[in-house]
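Residues per chain are reported as follows:
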Amino acid sequence: YMTNRLEPKIEWFFDSLQVQTLGTYVDIRIVIVDFHQQHEFRAAWAPYFSRIIEGGGSIFHVEPKPTVWQGKSRLKSVDYFAAANARNTALCLAPDGHIVYVDDVSVLMPGWWNAVREACAKPNTITCGAYKKVLKLDVQSGHVISSVEHPGGLDVRSAGLSGFPPYPCHPGWHYGCSVAAPVDAYLRINGWPEACDGIGYEDCVTGLVLAKNG
């Protein structure tokens, strides 16, 4: 999902996913929630969409649902960042099973897809992925070629952890940049709290509410 970037590097996501799935998208529905969905730049994404469909998957490219924070229905003087609304838009298009959220401007690192599949096989479990922010990122065909370390870009949750095994974590570690969860878990709490749009912190708040609801 993207809520404010006109030119996200969506090819990073599509190419890295293609590498990990080997081009097989059967039973996979991809939803792109895009504030600039109507922009002429989006015509360049057509080959990626075709690749998903040819691989047996489905894809939806939609605008965020109406919100007071941005777009035609906004009650503010400018468009605000509205991540909760974007995630709830995707939730409306997730009919059953699990939903997996990925931030825009993301490259899926090796092992991500296998970890997602394992997470979605566990009932009543929410699994959060770690992230790393870097500078001068060079990505080719879905692979990271080079980058420059960003002093403040390390996910603080990953300190002291190593490897891919999932670890129990505090509900406040529920970050929205990479998370897999049962659709019903979010529906039971009425989705992500859109009252947090404009200020952020909605992902951690959602984790706390999810935990309180079992």
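About the criteria used
- Residues numbered from 1 in each chain as written.
- Predicted model: local features only at pLDDT ≥ 70, side-chain atom pairs only at ≥ 80, totals over all residues.
- Heavy atoms only, no water.
- Pairing = 2+ DSSP bridges.
- Helix = DSSP H or I, 4+ residues; strand = E, 2+ residues; numbered from the N terminus.
- Phe/Tyr/Trp six-rings, centres within 6.5 Å; stacked < 30°, edge-to-face > 60°.
- Buried < 20%, exposed > 50% of the residue type's maximum accessible area, 1.4 Å probe, protein only.
- Lys NZ or Arg CZ within 6 Å of the ring centre and 35° of its normal.
- Contact = heavy atoms within 4.5 Å.
- Axes fitted to C-alpha atoms, helices over the stretch in contact; angles between N-to-C directions.
- Salt bridge = Lys/Arg side-chain N within 4 Å of Asp/Glu carboxyl O.

Caption draft 1: Structural view of the pairing of strand E5 (residues 132–140). Alignment of E5 against strand E6 (residues 143–154), held across 6 bridges, turns out to be antiparallel. Bridged to leucine 135 within E6 is valine 148. Count of turn residues in the E5/E6 antiparallel hairpin: 2 residues, of which serine 141 carries a positive phi of about 55°.

Caption draft 2: Up close: the packing of aromatic side chains. A full pass over the atoms with the stated rule returns 10 aromatic pairs. With a centroid separation of 6.4 Å and 70° between ring planes, the pair formed by tryptophan 45 and phenylalanine 49 is classed as edge-to-face. Here the two residues tryptophan 45 and phenylalanine 49 agree in accessibility, since each one is buried. The residue whose ring lies beneath arginine 87 is tryptophan 192, and the NZ or CZ to ring-centre distance is 4.4 Å. The ring of tyrosine 175 carries the charged tip of arginine 157 above its face, separated from the ring centre by 3.9 Å.

Caption draft 3: The arrangement of the sheet that holds strand E3 (residues 98–102) in detail. Spatial strand order, E3-E7-E4: 3 strands in an open sheet with antiparallel pairing. The open sheet has two edge strands, E3 and strand E4 (127–128), and neither has a second partner. Note that E3 and strand E7 (residues 178–182) share 5 bridges and pair antiparallel. Among the inter-strand pairings, tyrosine 101 is bridged to a residue of E7, identified as valine 179. Those strands touched by helix H4 (residues 112–120) are E3, E4 and E7, and its axis lies near 145° from that of E3.

Caption draft 4: Highlighting the pattern of salt bridges. In total, this model carries 9 salt bridges according to the counting rule given. The closest approach of N and O atoms between glutamate 149 and lysine 132, which form a salt bridge, is 3.1 Å. You can see glutamate 149 sitting in strand E6 and its partner lysine 132 sitting in strand E5, a full 17 residues away along the chain. Neither residue differs from the other here; glutamate 149 and lysine 132 are each classed as exposed. Across the pair aspartate 155 and arginine 157 runs a salt bridge whose closest N-O atoms are separated by 2.7 Å. This pair shows no difference in class: aspartate 155 is buried, exactly as arginine 157 is.

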